[in-house]
Amino acid sequence: MTRPGRLRAVAAAVAATLLFTAGCTAGDDDPPPAATPSATAAPEATSTVDGVSNPFGAHWDWSRYQQFGPYLRRLAGSATYEEISWCEIERTPGQADWAGLDEIASRSRELGITVHLKIRTGVCWATGGTARHTRGAANKTESAMPTDLGAYQRFVRSVVQRYGPYGVREYAIENEVNAPSYWAGSPEDYARLVRAAAETIRATDPKARVVDSGISSVAYGMGVADRLVRAGRVPDAVAAYRTYFQRRVGTRGQQIPAVTGEAQLRRALGTETNSRSLRFLAVTESLLTDRTVDVRQVHFYEHFSGVAPLLDYLRATTPPGVPIQAWEVGQFWRDGDGDPASRAAEMVKTVTLLASGGIGEISWLPLAYNPNNAAGSEVRYGLLDPDGTEREAGRMLAALAEAARDATVTPLPASVAGRLHGVAFVRGGSSTLVLWSAADTPVTVPAAPGGRTGAVGSPLRTAGGGTTVTDVPVLLRADQPVDRILATVR
């Protein structure tokens, strides 16, 4: 993940990469690379990537663009995000350095990928105080409330004015504010900051949308359980907690303890950390309810079986008409022992369940595992090897992106509930289904006109005798509506 403190280093790395790749791959008929805006001048308005035509994307480290570029082009039409910090961009009052972010915005546009921005403050002259939490080689810090909201709004305005011409239309305010390592203020401080930012963003670009900070995956799990407890559905709450956190118990000391009954669950929800998370979740939802925020941002790193309770929670707590996007999706699995095939299949199940549940943008994180980020096992699973080599999971996500691009995402019909899981992508008269069995028993999907089938990410073959669907996801494409393809499933 690119750190704001490394934006200038990233700019140099990207520029060097572009010189290398241009010399190796550009033909006589290829257009020259787009000019890079200077560090001081705002970019001219040029053609932009308006809208997202592919729900499946990723988040990557721009310093490794040379390795990742070929794969990223397979995700064209998707969205990603970049996190920036006021304190890093404007280290000295009135002297902003945009060079690194200009490079990232320009290259994202060339890849055909829409970039969203997370605007953080950091801790510096603009906020006062001393940082208590630093992370990574860039010494990234938590954010604090600005001492001058007018100065903050001027910075936000400059961001929107500069990057609107690049096609940036969504701006998230801060990141995972439920965590003290990301936000030093209170929930009330955060709400005040968002209102100030939202007012400025809308005044600067009426087409722009304001996004919440993206409450953490763990905090969402606590929200799932807390809502059910408050509704008097304690057994459901315990079951949802155990499903959601099946890989997390014990990974954060006593913050995610094992739970088998009501007393244990109430103790878990009542810890200082989890109580804080629930307060920030409530404030986030109030900002959605009063339409200060336009888009709900979800982070999810759990086992795919946790998607169902998460979607149930989101449906119950998100105002009608508010888009939901998953800017961070991945596999958190400390000491995970899954083989590449099972890891890839789980990735497919996670992202297709989210898409079927109405999540409009799904960004896998990380794109590639960085062995320098953690010792031991790969806690968060990448789609690529560190050198950019595609893993099975990477091939599968690229196949999903190809199937979904410019298509209508369609949930499976109720007639196959309990037998099949998955999602359909409809484009013109053709339907592409991603399917796996909902139980241990295989399910047969009869042959359909023009039907082809195969493993996700592999060449498809003619499905003359129908398709047998097991718990391993398969891809089925046919020149028929979804309901007709699945009408005689047995």
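The written sequence of each chain sets the order in which its residues are numbered from 1. For a predicted model such as this one, the threshold for reporting local features is a pLDDT of at least 70, and the threshold for listing and counting side-chain atom pairs is 80 or more; totals across whole chains, interfaces and linings nevertheless cover every residue. By convention in this description, side-chain values take in all heavy atoms of the structure and omit both hydrogens and water.

Structural notes on the packing of aromatic side chains
Geometrically, a pair of aromatic rings is defined through the distance of the ring centres and the angle of the planes.
Right, on to step 1. In this scheme Phe, Tyr and Trp rings, the latter by its six-membered ring, pair at centre separations within 6.5 Å, and the angle between planes marks the pair as stacked below 30 degrees, edge-to-face above 60, and tilted otherwise. Within the structure shown, the criterion is met by 15 aromatic pairs.
Right, on to step 2. Ring centres of Phe-56 and Phe-425 lie 5.9 Å apart, and the angle between their planes is 90 degrees; on these two criteria the pair is classed as edge-to-face. Taken together, the positions of Phe-56 in strand S1 (residues 56-58) and Phe-425 in strand S12 (residues 420-427) put the pair 369 residues apart, joining distant regions of the chain.
Right, on to step 3. Taking relative accessible area as the criterion, Phe-56 reaches 0% and is therefore assigned buried.
Right, on to step 4. Residue classification places Phe-425 among the buried positions, given a relative accessible area of 1%.
Right, on to step 5. A centroid spacing of 5.3 Å and a plane angle of 55 degrees characterise the contact between Trp-60 and Trp-62, whose relative ring orientation is tilted. Note on accessibility: Trp-60 and Trp-62 belong to one class, buried.
Right, on to step 6. Of the aromatic side chains, those joined through ring pairs into one cluster are Trp-86, Trp-98, Trp-125, Tyr-152, Phe-155, Tyr-163 and Tyr-166.
Right, on to step 7. Look at NZ for Lys and CZ for Arg. If either is within 6 Å of the ring centre and within 35 degrees of the ring normal, a charge sits over the ring. Over the ring of Trp-333 we find Arg-247; its NZ or CZ atom is 3.7 Å from the centre of that ring. A run of H or I in DSSP counts as a helix once it spans at least four residues, and a run of E counts as a strand once it spans at least two, with each numbered from the N terminus. Three exposure classes are used, based on accessible area relative to the maximum for each residue type with a 1.4 Å probe and protein chains only: buried under 20%, partly exposed in between, and exposed over 50%.

A short note on the state of the cysteines
Right, on to step 1. A pair of cysteine sulfur atoms is labelled a disulfide when the two atoms are within 2.5 Å. Across all of its chains, the model carries one disulfide by this definition.
Right, on to step 2. Here Cys-87 pairs with Cys-124 through a disulfide, and the sulfurs are 2.0 Å apart. What sets the handedness of the Cys-87 and Cys-124 disulfide is the S-S torsion sign, and at about -80 degrees it is left-handed. In this pair, Cys-87 sits in helix H3 (residues 86-89) while Cys-124 sits in the loop between strand S3 (114-120) and strand S4 (134-135), placing the two residues 37 residues apart along the sequence.

Description of unusual backbone geometry
Right, on to step 1. Going from Leu-365 to Pro-366, the amide bond is cis rather than trans, its omega being 5 degrees.
Right, on to step 2. With respect to the element layout, Pro-366 can be found in the loop between strand S10 (362-364) and helix H13 (392-404).
Right, on to step 3. Of note in this structure, Arg-291 is not a glycine but carries a positive phi near 65 degrees.
Right, on to step 4. Tracing the chain through its elements places Arg-291 in the loop between helix H10 (272-289) and strand S8 (296-300).
Right, on to step 5. Among the residues examined, Arg-291 registers a relative accessible area of 42% and is labelled partly exposed.
Right, on to step 6. Positive phi, close to 60 degrees, is recorded for Asp-335, a residue that is not glycine.
Right, on to step 7. On the secondary structure map, Asp-335 appears in the loop between strand S9 (324-329) and helix H12 (340-356).

Topic: the packing of helix H8 (residues 234-244) against helix H9 (residues 262-269)
Right, on to step 1. To get an axis, a line is fitted to the C-alpha atoms, and for a helix only the part in contact is used. The angle between two axes follows their N-to-C directions and goes from 0 to 180 degrees. Their axes nearest at 10 Å, the elements H8 and H9 cross at an angle of 65 degrees. The handedness of the crossing between H8 and H9 is left-handed. Together, Val-234, Ala-237, Val-238 and Tyr-241 of H8 and Glu-262, Leu-265 and Ala-268 of H9 make up the contact between the two elements.
Right, on to step 2. Taken together, the residues of the contact of H8 with H9 sort by class into six nonpolar, no polar and one charged. Crossing handedness follows the turn of the near helix against the far one: under a right angle anticlockwise gives a left-handed crossing, and clockwise gives a right-handed one. Every residue pair with non-hydrogen atoms within 4.5 Å of one another is taken to be in contact. The nonpolar class holds Ala, Val, Leu, Ile, Met, Phe, Trp, Tyr, Cys and Pro. Asp, Glu, Lys and Arg form the charged class, and all remaining residues, Gly among them, are polar.

Brief notes about the packing of helix H6 (residues 187-204) against H10
Right, on to step 1. It is the contact of H6 with H10, at a shortest axis distance of 10 Å, that shows an interaxial angle of 30 degrees. In terms of their interaxial angle, H6 and H10 are classed as roughly parallel. As for the relative orientation of H6 and H10, their crossing is right-handed in sense. Facing H6, whose interface residues are Pro-187, Tyr-190, Ala-191, Val-194 and Arg-195, H10 presents Arg-279, Phe-280, Val-283, Thr-284 and Leu-287. Roughly parallel here means an angle under 35 degrees, roughly antiparallel means over 145, roughly perpendicular means 65 to 115, and every remaining angle is called oblique.

Looking at the sheet that holds strand S18 (residues 474-478)
Right, on to step 1. Taken in spatial order, the six strands make up an open sheet running S11-S12-S13-S18-S15-S16, and their pairing is antiparallel. Both outer strands of the open sheet, strand S11 (408-411) and strand S16 (461-462), are each paired with one neighbouring strand and no more.
Right, on to step 2. DSSP-based pairing: two strands are paired if at least 2 bridges between them are found. Note that S12 and strand S13 (residues 430-437) share eight bridges and pair antiparallel. When the sheet's bridge partners are listed, Ala-424 is paired in S13 with Leu-433.
Right, on to step 3. This element, H12, spans S11, S12 and S13 of the sheet and lies at about 125 degrees to S13.
Right, on to step 4. Sheet strands touched by H13: S12, S13 and S18. Its angle to S12, the strand with the most contacts, is close to 45 degrees.

Here's the deal with the sheet that holds strand S6 (residues 170-173)
Right, on to step 1. The parallel open sheet is built from four strands, whose spatial order is S2-S3-S6-S7. Across the chains shown, the open sheet's two edge strands, defined by having one partner strand only, are strand S2 (79-85) and strand S7 (209-211). On average, adjacent strands in this sheet sit at an angle of 30 degrees to one another, irrespective of strand direction.
Right, on to step 2. When S3 meets S6, the two strands line up parallel, connected through three bridges. Looking at S6, one finds that Ile-119 is bridged to Ile-173.

Regarding the pattern of salt bridges
Right, on to step 1. Put simply, a salt bridge is a Lys or Arg side-chain nitrogen that is within 4 Å of an Asp or Glu carboxyl oxygen. What the rule picks out here adds up to 23 salt bridges.
Right, on to step 2. Here Arg-169 ties to Asp-205 by a salt bridge, and the two come within 3.4 Å at their closest N and O atoms. Pair noted here: Arg-169 is in the loop between helix H5 (149-163) and S6 and Asp-205 is in the loop between H6 and S7, with a separation of 36 residues, a long-range link.
Right, on to step 3. With a relative accessible area of 24%, Arg-169 lands in the partly exposed category.
Right, on to step 4. The closest approach of N and O atoms between Asp-294 and Arg-202, which form a salt bridge, is 2.9 Å.

Examining H10
Because the α-helix completes a turn every 3.6 residues, residues three or four places apart line up on one side.
Right, on to step 1. In this scheme, a helix's expected span is set at 1.5 Å multiplied by one less than its residue total. Between its first and last C-alpha atoms H10 spans 26 Å; for 18 residues at 1.5 Å apiece the expected length is 26 Å, and the two agree.
Right, on to step 2. Taken together, the buried positions of H10 are Asn-274, Arg-276, Ser-277, Leu-278, Phe-280, Leu-281, Val-283, Thr-284, Glu-285, Leu-287 and Leu-288.
Right, on to step 3. Buried residues belonging to H10 abut H6, helix H7 (217-230), H9, S8 and helix H11 (307-317).
Right, on to step 4. Trailing H10 by a residue or two, Arg-291 shows a phi angle of about 65 degrees, which is positive.

Comments concerning the nonpolar core
Right, on to step 1. Take the buried residues of types Ala, Val, Leu, Ile, Met, Phe, Trp, Tyr and Cys, join any two whose side-chain atoms come within 4.5 Å, and each joined set is a nonpolar core. The biggest cluster of nonpolar side chains holds 117 residues, and the ones touching the most others in it are Phe-56 and Leu-383.
Right, on to step 2. Here this core gets nine residues from one element, more than from any other, and that element is H13.
Right, on to step 3. Excluding residues that lie within four positions of it along the chain, Phe-56 makes contacts with Leu-75, Ser-78, Val-351, Ala-355, Ile-362, Leu-397, Leu-400, Ala-401, Ala-404 and Phe-425.

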